[in-house]
Amino acid sequence: MPAFLRSTRKALARATGLHHVASPEQSQRKATWVKPASPSGEDEDDVEEVVVRARKTTPKKDSRQPSGFSGVSRSVDGAKKGTWTIIPASRFRVRGKGYTRTNHHLTDLDAVLALKGPSIDAIYDVTHVDVVQCQKKRLELVKTTLRPPKPAFVSPLHGLVPSTLVINAILPARPHDKDGPCRQVIMTCRLTERCCADLAKTAPQNGSGELNLKTAVERIRDPALRLWAAWCRDIRTHPKAADRDDMRGRFKFFARAADAATSQKCAAMLPDDAKSVVYNGAALLGRDACAVTFVSSSRAGGDVAEVSIDGFRLGPRVRAGLHALKGGLGLGSVDIGFGIEARAEAELP
């Protein structure tokens, strides 16, 4: 051994009592440590070799429940009590071209709804619905409680348009509580094959092969898909919290009676604020009641967006209507949908 290496070795031994002599290849297999035979300056070439084998780390067990854990089943038409089914998005009326120019002159709800047209096909399809009772509301379920399935169609714009969407609707048990017992309706949704194909056609990349957020949204041809991508982008990246909050508040909740019997019950028993949502098919803005979390990891099932609608933060009369919807008045079938409010003419239809 060269003299300068030997002196370095001795200095390390005196200072620490141990020094590491493993090569990079050895470090991957085991850790080899050398201990001086005597700290008194005697010949330290005769050393005791101690081999400590690295322990294999055991992966942390995922204790989250898989989507569908509560056992709420899907039926063909959703007519059976306690079941759900997928409905056409066209059952909901959304803003069309010219809406922003005409709407501010109108005060009658029916006249406003007349400016809207049937929605195009949904961006996400529901795959699982869970209903759970909680003593206190729970947010950020994907991080702590819920394990969505691997997406059937992975978004070509990973990091911008999520492959999985989780809606967490929180319905207070009592209409006037600020927190406490509630029922949470959790809907797990996957990006549709149609939207994946549309995104793949226009997914831009810069020179390094990474997603260019500046141009990715602009090149999406479908107006609805472009608005959703812009909403996700601004919530993820906008530097001002006020602007992120404003964008987050554009998340909309649609609900309407699915049949005549339910419509009659709504008309007779719900307060006006809730009646306009359920009976007339209007939309309710999330505003401060909306919380958004993005999770991107293999443990979370890929790129997941979780949107929570906190019923405790809605207006008292609307909360009374939601209390009725969750079963207090024995209502029948209700159609539910979600969307983003379009404001500029370029965001329509």
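Refer to the structure printed above.
To start, this report covers the structure provided alongside it. (Residues numbered from 1 in each chain as written. Predicted model: local features only at pLDDT ≥ 70, side-chain atom pairs only at ≥ 80, totals over all residues. Heavy atoms only, no water.)

### What to know about the packing of aromatic side chains
- Evaluated as defined, the whole model comprises 6 aromatic pairs.
- Look at Phe253 and Phe338: their rings are 5.7 Å apart centre to centre, the planes differ by 50°, and that puts the pair in the tilted class. Taken as a pair, Phe253 in strand β11 (residues 251-257) and Phe338 in strand β15 (residues 334-340) lie far apart in primary sequence, 85 residues in all.
- Exposure remark for Phe253: the relative accessible area of 12% places this residue in the buried category.
- The exposure class assigned to Phe338 is partly exposed, which follows from its relative accessible area of 27%.
- Taken together, the aromatic side chains of Tyr124, Trp228, Trp231, Phe251, Phe253 and Phe338 make up a single cluster linked through ring pairs.
- Positioned over the ring face of Phe294 is Arg236, at 4.1 Å from the centre of the ring. (Phe/Tyr/Trp six-rings, centres within 6.5 Å; stacked < 30°, edge-to-face > 60°. Helix = DSSP H or I, 4+ residues; strand = E, 2+ residues; numbered from the N terminus. Buried < 20%, exposed > 50% of the residue type's maximum accessible area, 1.4 Å probe, protein only. Lys NZ or Arg CZ within 6 Å of the ring centre and 35° of its normal.)

### Overview of the sheet that holds strand β13 (residues 290-297)
- The strand order across the open sheet built from 5 strands is β7-β10-β9-β14-β13, with neighbouring strands paired in mixed fashion. Sheet topology places β7 (124-134) and β13 at the edges, where each strand pairs with a single neighbour. Strand-to-strand, the axes of this sheet are offset by a mean angle of 15°, without reference to chain direction.
- Along the sheet, helix α8 (residues 223-237) makes contact with β7, β9 (164-172), β13 and β14 (302-310), crossing β13 at roughly 85°. (Pairing = 2+ DSSP bridges. Axes fitted to C-alpha atoms, helices over the stretch in contact; angles between N-to-C directions. Contact = heavy atoms within 4.5 Å.)

### Regarding the side chain of Glu306
- On the secondary structure map, Glu306 appears in strand β14.
- Among the polar contacts listed, one links the side chain of Glu306 to the backbone nitrogen of Val142, at a separation of 2.9 Å.
- Apart from residues lying up to four places away in sequence, Glu306 is in contact with Leu139, Glu140, Leu141, Val142, Val166, Asn168, Ala291, Val292 and Thr293. (Polar contact = N/O pair within 3.5 Å; in protein donor to acceptor, adjacent residues only side chain to side chain.)

### Focus: the environment of Asp130
- As for its placement among the helices and strands, Asp130 is situated in strand β7.
- Accessibility expressed as a relative area gives 0% for Asp130, which makes it buried.
- Each C-alpha atom of the pair Asp130 and Phe69 lies 6.8 Å from the other, and the pair is 61 residues apart in sequence.
- If near-sequence neighbours (up to four positions away) are discounted, Asp130 is found in contact with Ser67, Gly68, Phe69, Ser70, Gly71, Val72, Leu146, Gln184, Val185 and Ile186.
- A polar contact of 2.8 Å, which involves the side chain of Asp130, links it to the backbone nitrogen of Gly68.
- In this structure the side chain of Asp130 is engaged in a polar contact, spanning 2.8 Å, whose partner is the side chain of Ser70.

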